[in-house]
Amino acid sequence: VVPVLVGAVLVLGLPRLAARMPWRRLLVVAMMAAALWAVSLAATDGWFGLTNPTVLRGDEYLLDVPQVGEPGPFLRDFTDDIDRYVTHVRSHPPGLLLGLWGLDRLGLGGPGWAAALFIAGGAAAVPAVLVTVRRVADEATARAALPFVVLAPTALWVATTADALFAGVAAWSVAGVVLALHRDDRRGDRLALAGGLGFGVLAHLAYGALLVALVPLVVAMARRRARPLVLAALGALPVFAAFSAAGFWWVDGLLTTAGEYGESVARTRPYGYFVVANVAALAIVVGPAVAVGLARLRDRALWLLVGGAALACAVADVSGMSKGEVERIWLPFAVWLLPAGACLRSRWWLVAQVAAAVLVQVAVRSRW
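Residues numbered from 1 in each chain as written. Predicted model: local features only at pLDDT ≥ 70, side-chain atom pairs only at ≥ 80, totals over all residues. Heavy atoms only, no water.

Here's the deal with the overall build of the protein
Here is the rule we go by: Each helix corresponds to a stretch of at least 4 residues labelled H or I by DSSP, and each strand to a stretch of at least 2 residues labelled E; elements are numbered beginning at the N terminus. Every radius of gyration here is taken over C-alpha atoms, with the globule rule written as 2.2 Å times N^0.38, N being the number of residues. Classification of residues uses two cut-offs on accessible area relative to the type maximum, computed with a 1.4 Å probe and protein chains only: under 20% is buried, over 50% is exposed, and between them is partly exposed. Working rule for contacts: check all heavy atoms of both residues, and any pair within 4.5 Å makes them a contact.
Within the protein one finds 17 helices and 0 strands. For the protein, whose C-alpha radius of gyration is 20 Å, the value lies close to the compact-globule estimate of 21 Å for 368 residues. Referenced to the eigenvectors of the C-alpha coordinate spread, the extents of the protein come out at roughly 55 × 50 × 45 Å. Counting every position in the protein, which comprises 368 residues, the buried fraction comes to 52%. Taking all contacts inside the protein whose residues are at least 6 apart in sequence as the whole, residues at least 24 apart take part in 83%.

Here is the structure:
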């Protein structure tokens, strides 16, 4: 009942707010609405539905926080001792586990704080996407896209998974570089450096999420500008240098994770099946309205963002490194597909998005 009511209120209210509210205030409201929508869905399993997925036995990061000990030895031995960690830690760089350890040392440990961090990260992706759409296309397009960016089935994994945090970091990294591509001044240079710094952090949170860099790359090719990309690369270097100095070399981590993946159950999964099934999983994440929006979208500027995200998804799919992976891994890319809904004028498409999310939440058995 709760997500149905929340969804109905947002379906009725968001288009009106998007049309009338001042832009900066609208961004805050959109972020808060996204968090509310995600929480209302997760709470159908009770309030423990917000925290239980962060401590799934054998899978989740929080279980390995006690194993960090001290950051120096942890980072130096991370790749050598990879087999002692749970599934998600073995499949990712050590950045998030190190961050959760830091929160724990500050007295902010446990499932509640982790869930709050993930929800905040996922909700923060919304204003990043909208700001970028406004710059690449125009404000009218961004306002039209807002209800679809907020009310998507992506919310099912925002309140429960670390990939929501990855999506937020990725979205603001992309936003920084794309905004820099539309400026030719010192502020543009600072935006590019900040976006690159974000990509450096993202690289140490999730290997695969780094493919979202194809979004600003596509925009850069269209605008024929290379300087912001060079500055973004320079902005990422300090993060790589800091982790390397502490004992973790990113390339070694990537190769170790690829080896772990090759030795896992993934080796028995048929490539031909999952190259199609992954697309089906992505379709569930973005919802039916976005599928229709992609077919109807004619805005060439908006296609730069949507097309870049689609290209990133295609690369991840055909790589064979995502066979049978869960829907949550598509969040960093999916948020850039959602603006395709801007070309849909009927509010019934928003109803379809809400209905799809509620149906999956209440009818499909999921760990997240």
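Still more ground to cover, so stick around.
Some words on the packing of aromatic side chains
Operational definition: Classification of ring pairs uses Phe, Tyr and Trp, with its six-membered ring standing for Trp, and accepts pairs whose centres are within 6.5 Å; under 30 degrees between planes counts as stacked, over 60 as edge-to-face, and the remaining range as tilted.
Considering all chains together, one arrives at 9 aromatic pairs under this definition. Both rings, one in Phe243 and one in Phe248, keep their centres 6.4 Å apart while their planes meet at 75 degrees; by these two values the pair is edge-to-face. Of the two residues, Phe243 and Phe248, neither departs from the other in class, the shared state being buried. Between Tyr273 and Phe274, the aromatic rings sit 4.9 Å apart at their centres with planes inclined by 85 degrees, giving edge-to-face as the arrangement. These aromatic residues form a ring-pair network of at least three members: Phe74, Phe78, Tyr85, Phe243 and Phe248.

Side note on the environment of Ser366
You can see Ser366 is positioned in the segment after α17 (348–363). It is 38 Å that separates the C-alpha atoms of Ser366 and Ala232, two residues lying 134 residues apart in sequence.

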